[in-house]
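Architecture and fold: a report
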Number of protein chains: 2
Amino acid sequence: METLRLYDFLPSGNGYKIRLLLSQMGIPYERIEVNILKGESRTPEFLSKNPNGKIPVLEVDPGKYLTESNAILTYLSEYTEFLPYDRFLKAQVFQWLFFEQYSHEPYIATSRFWISILGKAEEYQAALAQKQEPGYAALSVMENHLQSHLYFVGDRYTIADIALFAYTHVADEGGFDLSRFPAIQRWIGRVQAQPGYISITHEPMPLEAEFC
Amino acid sequence: METLRLYDFLPSGNGYKIRLLLSQMGIPYERIEVNILKGESRTPEFLSKNPNGKIPVLEVDPGKYLTESNAILTYLSEYTEFLPYDRFLKAQVFQWLFFEQYSHEPYIATSRFWISILGKAEEYQAALAQKQEPGYAALSVMENHLQSHLYFVGDRYTIADIALFAYTHVADEGGFDLSRFPAIQRWIGRVQAQPGYISITHEPMPLEAEFC
């Protein structure tokens, strides 16, 4: 296999999911920054990689592209410690991955994007207000689960935790108050204590480090 | 394994995905109608099955519940003809499943819900207008793909087709004009010609048919 190439935007939680898993799996890769704020995910060249115009995109072999952060997590983790082999546990991982994309990300990630990436809290005030209730509902579902579980599936760390961690741990950047959710806070600490953990803005080591 | 039990709402496309796959796999099941318009997915009893308060829910064994329509599709189809075994093709199926939940369903299914299930097109006029552009963008991504492919992944019918078919073939009920998308229309015909196809409002045969 050629070196994996990740088309990514450093502040993106969806991109961070892939960076975090690759770091924890010890897999080297080349990261290519796509500045979505400058329209770089809407160029004809980028759209030839992902017609839906979104990062992250993983080039798994020259010209072979995978899109959708949670599909990429699944691709990379199958038959590793990060995805259970048991049929029901694996389905529960997928359940949380779809929960994250449908009931969590559109509220918590979008609010963070408007407030902290675009810096336009004022302009998006009305839209932001509409994100509060469903965003807190998603956090409550997580809190209830984590009150009696260490992790999301099977009481071990899986890609379900990675997918949910990405935007949850920076939910305050989208105006969500995590102090109401003590079980989520303890889980955040457990994720941050995992081997190979990196922060959301951590740049990977260059593939060929330069020594002078 | 006990008989599968599906908690469902007949007009729901997300519920229909599971009914369609179970019909095509020839698997009998018990269907339990949950009228979400009457708050039946928000009762303490239902929330004990899915804390996120959404149908469909599949009870795979007594007290063992799976939620999220696309996670249920994955659970049922793994190691069958409906989900490729090849690692990259399988990841492409997941890619389309996440595309459906993130970039398609929130626009096309939600519009249909407001117009044709709630019957409140007037009341939701402003919100409906905002769904048009992203909804048509999702249909365009599908149309472009289907101009050179018979199905979504590997040129055979998979759960990616089932997930995308559920709300696409009734997109007109949400105010989307499918006459602009000839490749989607031809694909709809191919899905409807699959063995075991049932329509969205088809009730399954009772498990024990009564003869007088």
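Whatever comes next refers back to the structure up there.
These notes cover the structure that comes with them. Every value quoted in this text rests on a predicted model; they were computed, and no experiment measured them. (Residues numbered from 1 in each chain as written. Chains lettered and ligands numbered in written order. Predicted model: local features only at pLDDT ≥ 70, side-chain atom pairs only at ≥ 80, totals over all residues. Heavy atoms only, no water.)

**Quick word on the packing of aromatic side chains**
- Taken as a whole and judged by the stated rule, the model has 30 aromatic pairs over all chains.
- Taken together, Tyr16, Trp96, Phe99, Phe152, Phe165, Trp187 and Tyr197 of chain A form an aromatic cluster joined through their ring pairs.
- Its guanidinium or amino end placed over the ring of tyrosine 75 of chain A, arginine 87 of chain B lies 3.9 Å from that ring's centre, counting from NZ or CZ.
- Stacked on the ring of tyrosine 136 of chain B, the Lys or Arg arginine 180 of chain B has its end atom at 4.0 Å from the ring centre. (Phe/Tyr/Trp six-rings, centres within 6.5 Å; stacked < 30°, edge-to-face > 60°. Lys NZ or Arg CZ within 6 Å of the ring centre and 35° of its normal.)

**Points about the interface of chain A and chain B**
- In this assembly, 33 residues from chain A lie in contact with 33 residues from chain B.
- Interface area for chain A against chain B, summed over the two sides, is near 3,100 Å², with a carbon-plus-sulfur share of 63%.
- Summed over the shared surface of chain A and chain B, the number is two salt bridges.
- For lysine 90 of chain A, the salt bridge identified is with glutamate 78 of chain B, shortest N-O distance 3.1 Å.
- Our enumeration of links across chain A and chain B arrives at 10 residue pairs in polar contact (both at pLDDT 80 or more). (Contact = heavy atoms within 4.5 Å. Buried area = accessible area lost by both parts, 1.4 Å probe. Salt bridge = Lys/Arg side-chain N within 4 Å of Asp/Glu carboxyl O. Polar contact = N/O pair within 3.5 Å; in protein donor to acceptor, adjacent residues only side chain to side chain.)

**Concerning the side chain of serine 111 of chain A**
- Within the element layout of this structure, serine 111 of chain A appears in helix 4 (residues 87-117).
- Apart from the residues lying within four places of it in its own chain, the contact partners of serine 111 of chain A are Leu128, Lys131, Glu173, Gly174 and Phe176 of chain A. (Helix = DSSP H or I, 4+ residues; strand = E, 2+ residues; numbered from the N terminus.)

**Here we look at the sheet that holds strand 4 (residues 64-67) of chain A**
Residues and elements named next belong to chain A.
- If you walk across this open sheet you meet the four strands as 2-1-3-4, and the pairing is mixed. Among the strands making up the open sheet, the edge pair consists of strand 2 (29-33) and strand 4. In this sheet, adjacent strand axes meet at a mean angle of 25 degrees when their direction is disregarded.
- With three bridges connecting them, strand 1 (residues 4-8) and strand 3 (residues 57-61) associate as antiparallel partners. Bridging from a neighbouring strand, tyrosine 7 pairs with valine 57 of strand 3.
- Lying over the sheet, helix 1 (residues 13-25) contacts strand 1 and strand 2, oriented at roughly 150 degrees with respect to strand 1. (Pairing = 2+ DSSP bridges. Axes fitted to C-alpha atoms, helices over the stretch in contact; angles between N-to-C directions.)

**Brief notes about the pattern of salt bridges**
Residue and element names in this part refer to chain B.
- Taken as a whole, this structure holds 20 salt bridges over all chains when the rule is applied.
- The residue arginine 19 makes a salt bridge to aspartate 8 at a minimum N-O spacing of 2.5 Å. Taken together, the residues arginine 19 in helix 1 (residues 13-25) and aspartate 8 in strand 1 (residues 4-8) connect sequence positions 11 residues apart. In this structure, arginine 19 and aspartate 8 share a single accessibility class: buried.
- Among the salt bridges present, the one from arginine 31 reaches aspartate 8, with a minimum N-O distance of 2.9 Å. Placement of the pair is arginine 31 in strand 2 (residues 29-33) and aspartate 8 in strand 1, with a sequence separation of 23 residues. Judged on exposure class, the residue arginine 31 and its partner aspartate 8 are both buried. (Buried < 20%, exposed > 50% of the residue type's maximum accessible area, 1.4 Å probe, protein only.)

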